[in-house]
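Spelled out, the chains give:
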Amino acid sequence: GESVGLHLPTLSVQEGDNSIINCAYSNSASDYFIWYKQESGKGPQFIIDIRSNMDKRQGQRVTVLLNKTVKHLSLQIAATQPGDSAVYFCAEGPNNNDMRFGAGTRLTVKP
Amino acid sequence: EAQVTQNPRYLITVTGKKLTVTCSQNMNHEYMSWYRQDPGLGLRQIYYSMNVEVTDKGDVPEGYKVSRKEKRNFPLILESPSPNQTSLYFCASSSRLAGMDVGELFFGEGSRLTVL
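Structural notes, computed from the coordinates. (Residues numbered from 1 in each chain as written. Chains lettered and ligands numbered in written order. Predicted model: local features only at pLDDT ≥ 70, side-chain atom pairs only at ≥ 80, totals over all residues. Heavy atoms only, no water.)

When helices and strands are tallied, chain A shows zero helices and eleven strands. Mapped in sequence order, the helices and strands of chain A form the string β-β-β-β-β-β-β-β-β-β-β. Against the compact-globule benchmark of 13 Å for 111 residues, chain A has a radius of gyration of 13 Å, which places it among compact chains. Based on the C-alpha atoms only, the size of chain A along its principal axes is roughly 40 × 25 × 20 Å. Taken over 111 residues, chain A has a buried fraction of 44%. (Helix = DSSP H or I, 4+ residues; strand = E, 2+ residues; numbered from the N terminus. Rg over C-alpha atoms; globule rule 2.2 N^0.38 Å. Buried < 20%, exposed > 50% of the residue type's maximum accessible area, 1.4 Å probe, protein only.)

Now for the packing of aromatic side chains. Across all of its chains, the model carries ten aromatic pairs over all chains by this definition. Relative to A:F101, the ring of A:Y36 has its centre 5.9 Å away and its plane inclined at 45°; by these criteria the two rings are tilted. Here A:F101 lies in strand β10 (residues 100-101) and A:Y36 lies in strand β4 (residues 32-38), a separation of 65 residues in the sequence. Judged by relative accessible area, which is 1%, A:Y36 ranks as buried. Residue A:F101 is classed as buried on the basis of its relative accessible area of 6%. Ring geometry for B:Y64 and B:Y89: centres 5.8 Å apart, planes at 65°, overall edge-to-face. (Phe/Tyr/Trp six-rings, centres within 6.5 Å; stacked < 30°, edge-to-face > 60°.)

Attention now moves to the interface of chain A and chain B. In this assembly, 16 residues from chain A lie in contact with 22 residues from chain B. Across the chain A/chain B interface, buried area totals approximately 1500 Å², and carbon plus sulfur atoms make up 49% of it. At the surface where chain A touches chain B, the tally comes to one salt bridge. Across the contact surface, chain A and chain B share six residue pairs in polar contact (both at pLDDT 80 or more). For the side of chain A that touches chain B, the secondary structure elements donating two or more residues are β4, β5 (45-51) and β10 of chain A. When its residues are assigned to classes, the side of chain A that touches chain B shows six nonpolar, seven polar and three charged. (Contact = heavy atoms within 4.5 Å. Buried area = accessible area lost by both parts, 1.4 Å probe. Salt bridge = Lys/Arg side-chain N within 4 Å of Asp/Glu carboxyl O. Polar contact = N/O pair within 3.5 Å; in protein donor to acceptor, adjacent residues only side chain to side chain. Nonpolar A, V, L, I, M, F, W, Y, C, P; charged D, E, K, R; others polar.)

What follows concerns the state of the cysteines. Cysteine pairs can be covalently joined through their sulfur atoms, and such a bond is termed a disulfide. Residues and elements named next belong to chain A. For the structure on display, the rule yields two disulfides over all chains. At a sulfur-sulfur separation of 1.7 Å, the disulfide partner of C23 is C90. One end of the pair, C23, is in strand β3 (residues 19-25); the other, C90, is in strand β9 (residues 86-93), and 67 residues separate them in sequence. (Disulfide = S-S within 2.5 Å.)

With that settled, consider the side chain of B:S87. Locating B:S87 in the fold gives a position in strand β9 (residues 87-94). For B:S87, the contacting residues outside a window of four places in its chain are B:R36, B:Q37, B:D38, B:S111, B:R112 and B:L113.

Take a nonpolar patch on the surface next. All names here are of chain B. A contiguous nonpolar patch, built from I12, V14 and L116 and spanning about 320 Å² of accessible area, is present on the exposed surface. You can see L116 is positioned in the segment after β11 (111-115). Here L116 falls in the exposed class, since its relative accessible area comes to 59%. (Patch = residues over 30% accessible without salt bridge, like charges linked within 9 Å, V, L, I, M, F, W, Y side chains within 5 Å. Areas by Shrake-Rupley, 256 points an atom, 1.4 Å probe, with all protein chains shown as cover.)

Ranked by size, the top nonpolar core spans 20 residues in total, and within it A:I21, A:W35, A:L73, A:L75, A:Y88 and A:L107 carry the most contacts. Sorting the residues of this core by element identifies β2 (10-14), β3, β4, β5, β7 (62-67), β8 (72-77), β9 and β11 (105-110) of chain A as the ones contributing at least two each. (Core = buried A, V, L, I, M, F, W, Y, C linked by side-chain atoms within 4.5 Å.)

Below is the structure:
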């Protein structure tokens, strides 16, 4: 069946460096994509979203890139800070009520 | 403070002993949903509710029940828990948009359930 997955289960970066977290999806009909951050012992928290009619969207220190040709989504975090350490996962679907969630990538920021 | 509150946060129980995980939100959201999170699988939707007295099955509803008698509460009921229901459970809520669409999901902090 259709699935959402991640290229890397873990990512370790130095504080101040930029981080790139990748996500591959297989449902070419998906219209809506979200990145979530999940800190230890907490629930997922919305970071940024993008619709399929866009290929880039920027937030504060974060950028999401969407490549529909290869069904690839990435999250870029600029100047990564220790507070960015968490599990990040992508989700895709037609709307928030019908999302498929990836398993996540654990980001560790080294001081 | 706007929040989704789940209880209990941690529970160890035995097979067959009925339990309820409560979920309450104070944001006057119409939409509420339950998910389970298992290693390597990501979040999977169990049940959702578009409004009071309206509930629908998600992707993995077997072994679970829900009710939505009030707007703020959406309890998850395990009538006869089994070990394969050992998981981390999340409740979420959102405002309702047009049709089946809902706004940004706000998640609770999770309830870790172990069934022996």
